[in-house]
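# Tertiary structure, described
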Amino acid sequence: MTTVLVAGAGQSGFQAAASLRDKGFAGRVVLIGDEPGVPYQRPPLSKQYLQGTAGVDALHLRPQDFFNDKDIELVDGRVAAINRAESTVTLEDGTSLEYDHLVLATGARNRPLPVPGADLEGVLGLRTRDDADSLRAALEQAKDVVVIGGGFIGLEFAAHAGRPVTVVEAQDRLLARVATPEISAHFAALHEQAGATLILGHGVTALHGDGKVESVELTDGRRLPADLVVIGVGVLPETALAEEAGLKVDNGIVVDEHLTTSDPKIFAVGDCANFPCVHAGQATRLESVQNAVDQARWVAATITGAPAPYDSVPWFWTDQLGNKLQIAGIGTGADHLLVTGDKDAGKFSILAFREDVLIAVESVNRPSDHVSARRLLAATKPVTLDELRAAEFDLKGLAK
Ligand code: FAD
């Protein structure tokens, strides 16, 4: 019987296992994860779960019954090594499992803040359910909360913490790595209106305290009082297993257009995979639910005999302070931006072009623009600025 082992039971690992069954795979499917319980989703951790409006059951991707019914073996353990010559993996407890196909879905871990004091009590990150539980408990006691990093995680935490916080960002705008300046300005205004203090263009040099954090020192020497510090400075892909097994690794596990690693029996998907992204025009590693889910589906298709080059349109969302930002496509390298909709009413989209071709659309509270943008960006023929102008920037009309 053919065996597929999936290392990592997060969003993409779960999806790989589920999609194999959806596609009629009749062999053995073993999903190995080092976090306790059934696989869960991360997005609510910095939203409803943090806020306390969603409980632990709402995190689960499926209940235990699903795994029993689909004959997906859930193994609670950590894959410690891959033996490629024998096509086996070894778990930390010494168990050895054979595979015909191995899917690496090991995700990412929080990037540590490389400053003195980062290991003090009261300094926390947000990646796992355990992290979210610790943060919820810490928030009940904390007086002065400082968030380091004005990216999605830091801002979602700030939006759902239930109290004003201070956000420190080394770049001169929020979301600098992932969104256009218009979007940064919109979300900065929202957070300020909600009572947050934003300190932009300043890094952090040290965290101080006697066992427990008491202050955050900035590059200009200022010290901000803090008894809870949340670090949101990005993630590092979990590549150690792949690297030790001699697979090619470069900002993630390097895969080809079929998401196959340098070993044809081994795939990598989700946050840990660096893949040739047709929409970015270069090797890319993405951290999103869409990427995790679609890549897992593609690999399941390959294993079940229907391979196709991976070409899904990247998309992403974030919810903050009653505003939904949705991003379709990859805007890196845009040379022209256009705003449509009503900025004053907080319902608008930014259209990003490269050489007069639409490459990305960021929509704030305009879900129909987002859905249309995904359709337009998926079309084989690129959509040009002239076509959009002729259609009076009606994305929905053009996408029909
Ligand atoms: P993960 O979901 O991280 O799963 C990897 C799993 O593998 C983990 O459980 C890990 O412990 C396990 N693992 C690692 N190594 C081993 C090993 N050797 N053996 C066994 N198990 C192992 N994306 C969006 O699109 N929209 C959002 O709003 C959004 N919000 C987010 C909020 C938070 C707080 C976080 C942390 C992420 C958010 N994301 C969001 C990103 C999204 O959740 C990730 O991109 C997605 O979870 C990636 O899936 P993955 O399977 O690659 O990795």
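What this report covers is the structure whose coordinates are included nearby. Please read all numbers here as calculations on a predicted model, not as lab measurements.

## Here's the deal with the sheet that holds strand S24 (residues 336–342)
- Reading across from one edge, S22-S23-S26-S25-S24 is the order of the five strands in this open sheet, with antiparallel pairing throughout. On the outer flanks of this sheet lie strand S22 (315–320) and S24, each paired with one strand and no other. Strand-to-strand, the axes of this sheet are offset by a mean angle of 15°, without reference to chain direction.
- Here helix H5 (residues 152–160) sits on the sheet and contacts S22 and strand S23 (323–329); the angle it forms with S22, its principal contact strand, is near 30°.

## So, the site of the ligand
- The full set close to the ligand counts 32 residues, and Ser12, Asp34, Glu35, Lys47 and Arg127 are the nearest of them.
- Between an oxygen atom of the ligand and a main-chain N or O atom of Trp317, the distance comes to 3.1 Å.
- A total of 1,000 Å² of accessible area belongs to the ligand in isolation, and the protein chains cover 95% of it.
- Contributing elements (two or more residues each) for the shell around the ligand: helix H1 (11–22), strand S2 (28–33), H5, helix H8 (289–303) and S22.
- Looking at the shell around the ligand, its residues break down into twelve nonpolar, eleven polar and nine charged.

## Topic: the pattern of salt bridges
- The final tally for this structure, using the stated rule, is 18 salt bridges.
- The closest approach of N and O atoms between Lys47 and Glu156, which form a salt bridge, is 2.9 Å. Residue Lys47 is found in the loop between S2 and helix H2 (48–51), and its partner Glu156 is found in helix H5; the two are separated by 109 residues along the sequence.
- A relative accessible area of 3% means that Glu156 is categorised as buried.
- Across the pair Asp386 and Arg389 runs a salt bridge whose closest N-O atoms are separated by 3.4 Å. Taken as a pair, Asp386 and Arg389 lie in helix H10 (residues 385–390) at a separation of three residues, close to a single helical turn.
- Here the salt bridges do not stand alone but share partners, grouping Asp34, Arg78 and Glu92 into one network.

## Quick word on the layout of surface pockets
- Space inside the second largest pocket adds up to approximately 330 Å³.
- Residue lining of the second largest pocket: 15 residues in total, with Val278, His279, Leu358, Leu377 and Ala379 positioned closest to the centre.
- Looking at the lining of the second largest pocket, the elements that each hand over two or more residues are strand S26 (357–364) and helix H9 (367–378).
- Among the residues forming the lining of the second largest pocket, the class breakdown is eleven nonpolar, two polar and two charged.

About the criteria used
- Residues numbered from 1 in each chain as written.
- Predicted model: local features only at pLDDT ≥ 70, side-chain atom pairs only at ≥ 80, totals over all residues.
- Heavy atoms only, no water.
- Pairing = 2+ DSSP bridges.
- Helix = DSSP H or I, 4+ residues; strand = E, 2+ residues; numbered from the N terminus.
- Axes fitted to C-alpha atoms, helices over the stretch in contact; angles between N-to-C directions.
- Contact = heavy atoms within 4.5 Å.
- Near = heavy atom within 4 Å.
- Polar contact = N/O pair within 3.5 Å; in protein donor to acceptor, adjacent residues only side chain to side chain.
- Areas by Shrake-Rupley, 256 points an atom, 1.4 Å probe, with all protein chains shown as cover.
- Nonpolar A, V, L, I, M, F, W, Y, C, P; charged D, E, K, R; others polar.
- Salt bridge = Lys/Arg side-chain N within 4 Å of Asp/Glu carboxyl O.
- Buried < 20%, exposed > 50% of the residue type's maximum accessible area, 1.4 Å probe, protein only.
- 1 Å grid on protein atoms, 1.4 Å probe; cavity = no way out; pocket = protein on both sides within 12 Å on 5 of 7 lines; lining within 4 Å.
- Points joined across faces, edges and corners; volume = space filled by probe spheres on them.

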